[in-house]
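Commentary on secondary and tertiary structure
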Amino acid sequence: MIRFVARRFLETIPVLFILATVTFFMMRLAPGGPFASEKQASKEVRARMDAHYGLDKPLFQQYLLQMRHLLQGDLGPSFKYPSRTVNEIIAQAFPVSAELGLEALIVALVLGLMAGMAAALKQNTFWDHFPMSLAMIGLCVPTFVMGPLLISVFALHLDWCNAAGWFLPRDRVLPALTLGAFYAAYIARLARGGLLEVLRQDFIRTARAKGAGAARILFRHALRGGMLPVVSFLGPAIAGLLTGSFVVETIFGIPGLGRYFVTAAFNRDYCMIMGSVLFYAAFVIVMNLVVDIVLVWLNPKLRFE
Amino acid sequence: MPLLSVNQLRISFHTRAGVVRAVQDVSFQIERGEALGIVGESGSGKSVTCYSIMGLLPQPPGRIEGGQAVFDGVDLLALSHRGLNKYRGLRVSMIFQDPMTSLNPYLRIEEQLIEPLLIHEKMDRPAARRRALEMLVAVGVTDSSHRLRMYPHQFSGGMRQRVMIAMALITKPDLLIADEPTTALDVTVQAQILDLMKKMREELGMAILLISHDLGVVSGFCDRVMVMYAGRVMESARTADLFYDTKHPYTRALQKSIPALQVKGQELYTIAGAPPDLLHPLAGCPFAPRCGYVVDYCAREEVAPLEVAPAHGSACLRVQKEKLPL
């Protein structure tokens, strides 16, 4: 097990290296630059800014320089927000996104698992069709529709909470619902499918023959196997949720990481782009590793291979 | 009073193509400690009969149209699942055809083995664990304390079936239903498992309902045998009577089909034709189209097993009316 984890960690090094390289050259291939939008700047000013950030050096030298900084864990300065480093921006905005993501994840897991379990246990009844119809809607309605819809109902008409902002605990409700809805729907469908698959296995019949009650069959015999698809999905899902959503953060005015990720690309904020790509990639890799460990723990057949 | 008395059981499956009459008016009894074999080809209704007793029939599409299964004075078919759970796994246990898929791959053998004790006898874990160890030793699993910690995929097929037997017998049930327990195993292991079941029966004294399509297995194991065909009972008798004083042409044809009893080098005897389509049941005897003794009224009159000799039932109309010698 330790060897497995250690090997997977070693494998992430080349992945991140290749990703950084590809990202670097793709950014530089894109037309424009970080200061292209500052129209008033004279040639001299532009040249001095380039020199300040090292953009006047040959490309390959810049590449080596950036790689050296990255190796030291220094993501570099932000070109768009002078006097702030990318490390500082991520350190400040990530906790906000992570909190929102965590709350959305709880929403997604609670709603999704309950709906999925009900649907699987009561297959082809109202308790299957109704939650699964809702899940279909959840999958189809994009967040930029879901957000304003929730705002207009719960903030404007019912006046239960604020339309935007990130100050009070109840400000968390609508963003978490908006962000979590899609994931809840997805989890519901995966949980239903996984459970149905397990519930028709022979060993469930064995458990019935032993006199096990419905709760025991579900929680002791079916849940482990039935949750495998959900757990596999949770790896990338958690990474996506915790690193922030541009749309949800914009709709609700939340100072999270998602907005920085997207605006960095528009601004050609080279270090910010690199920082966000690597941060997100590292997150996905770590979450997938965690998921693989959980899957091995859940499935004893994998444990001995 | 017999331990289990199944009366006029009728089961059908409601499929898109129509209603399949899987079991029609099946009746039989098992006394305490008795071993009854049910023999029949695939689709003859033998497994469905037993699944319905255990409440394991998938409903829908399955439907119990009528009849009773009275176990120790209680009709199991009339019980709710909750009520049934007081019997299955405690007083009636079951082992299945495929030991590779019948054990939960996600749980340790120990968890599965002690589950009936935890459910039914409210036993604490250490005590249940001791019983599980005893049972594993009794079914011939060596190195049992180590094996308890293992998972099903670390066991061979024969070992898994031993575990299934240990699990079914751990509560010392009055009745063990074995649904083709040796079919999925290779031949040497088959003999071992049958010997084990015999040994356990001698030790615990439970009744056994053994389902098989192998006449040889049944003849060496059971006190009485019931032959099923197309969802009906064709013949039932004490084992020796069934083989040496056969009272149904179908049973006779089955015996003639046993390869080991036929002259070597000749083409093997088979019963001509195919089993009837249960979607469109024929009038009269279901075996009539394939029967060598068929006469005109076979395809007209309703068949039902009658006692044609002491403790010997046959559903053959000619045997019933004319004492047809077979």
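What counts and how
- Residues numbered from 1 in each chain as written.
- Chains lettered and ligands numbered in written order.
- Predicted model: local features only at pLDDT ≥ 70, side-chain atom pairs only at ≥ 80, totals over all residues.
- pLDDT = per-residue confidence, 0-100.
- Helix = DSSP H or I, 4+ residues; strand = E, 2+ residues; numbered from the N terminus.
- Pairing = 2+ DSSP bridges.
- Contact = placed C-beta atoms within 7 Å.
- Core = buried A, V, L, I, M, F, W, Y, C linked by C-beta atoms within 7 Å.
- Buried ≥ 20, exposed ≤ 12 C-beta atoms within 10 Å, placed from the backbone.
- Domains from an automatic or database assignment.
- Nonpolar A, V, L, I, M, F, W, Y, C, P; charged D, E, K, R; others polar.

A word on the confidence of the model for chain A
Residues shown with low pLDDT carry predicted positions that ought not to be read at fine detail. Of the residues in chain A, 97% reach a pLDDT of 70 or more, and the chain-wide mean stands at 86. The least confident element of chain A is helix α2 (residues 43–52) of chain A, whose mean pLDDT is 77; the most confident is helix α7 (residues 173–199) of chain A, at 92.

Structural notes on the sheet that holds strand β2 (residues 18–30) of chain B
Residues and elements named next belong to chain B. With antiparallel pairing, the four strands of this open sheet are ordered in space as β2-β1-β4-β5. Two strands in the sheet have a free side with no partner beyond their single neighbour: β2 and β5 (74–75). With nine bridges joining them, strand β1 (residues 4–15) and β2 adopt antiparallel strand pairing. When the sheet's bridge partners are listed, Ser5 is paired in β2 with Gln29.

Quick notes on the interface of chain A and chain B
Put simply, an interface is often sized by how much accessible area is lost when its parts join up. Contacts between chain A and chain B engage 17 residues on the former and 21 residues on the latter. Elements that contribute at least two residues to the side of chain A that touches chain B include exactly α8 (202–209), α9 (214–226) and α14 (300–303) of chain A.

Quick look at the nonpolar core
With 143 residues, the main nonpolar core has B:Ala166, B:Ile177 and B:Leu209 as its most contacted residues. When residues in this core are grouped by element, the largest group, 15 residues, is from α7(A). Counting residues in hydrophobic clusters, the runner-up holds 17 residues, among them A:Ala93, A:Leu257, A:Phe261 and A:Met274.

Focus on the domain arrangement of chain B
Residue and element names in this part refer to chain B. You can read the domains of chain B as domain 1 (4–229) and domain 2 (232–322). Here the C-alpha centre of domain 2 lies 27 Å away from the C-alpha centre of domain 1. Between domain 1 and domain 2, the contact holds 22 residues from the first and 23 residues from the second. For the side of domain 1 that touches domain 2, the elements supplying multiple residues, two or more each, are β2, α9 (215–221) and β9 (224–229). Top contributing element to the side of domain 1 that touches domain 2 by residue count: β2, with eight residues. Grouping the amino acids of the side of domain 1 that touches domain 2 by side-chain chemistry returns 12 nonpolar, five polar and five charged.

Focus on α8(A)
The element α8(A) is extensively covered by neighbouring structure, given that seven of its eight residues are classed as buried. Looking only at α8(A), the buried set comprises A:Phe203, A:Ile204, A:Arg205, A:Thr206, A:Ala207, A:Arg208 and A:Ala209. Lining the buried residues of α8(A) we find α7 and α9 of chain A together with β6 (92–95) and α3 (99–102) of chain B. Immediately beyond the C-terminal end of α8(A), within one or two residues, lies A:Gly211, with a positive phi of roughly 90 degrees.

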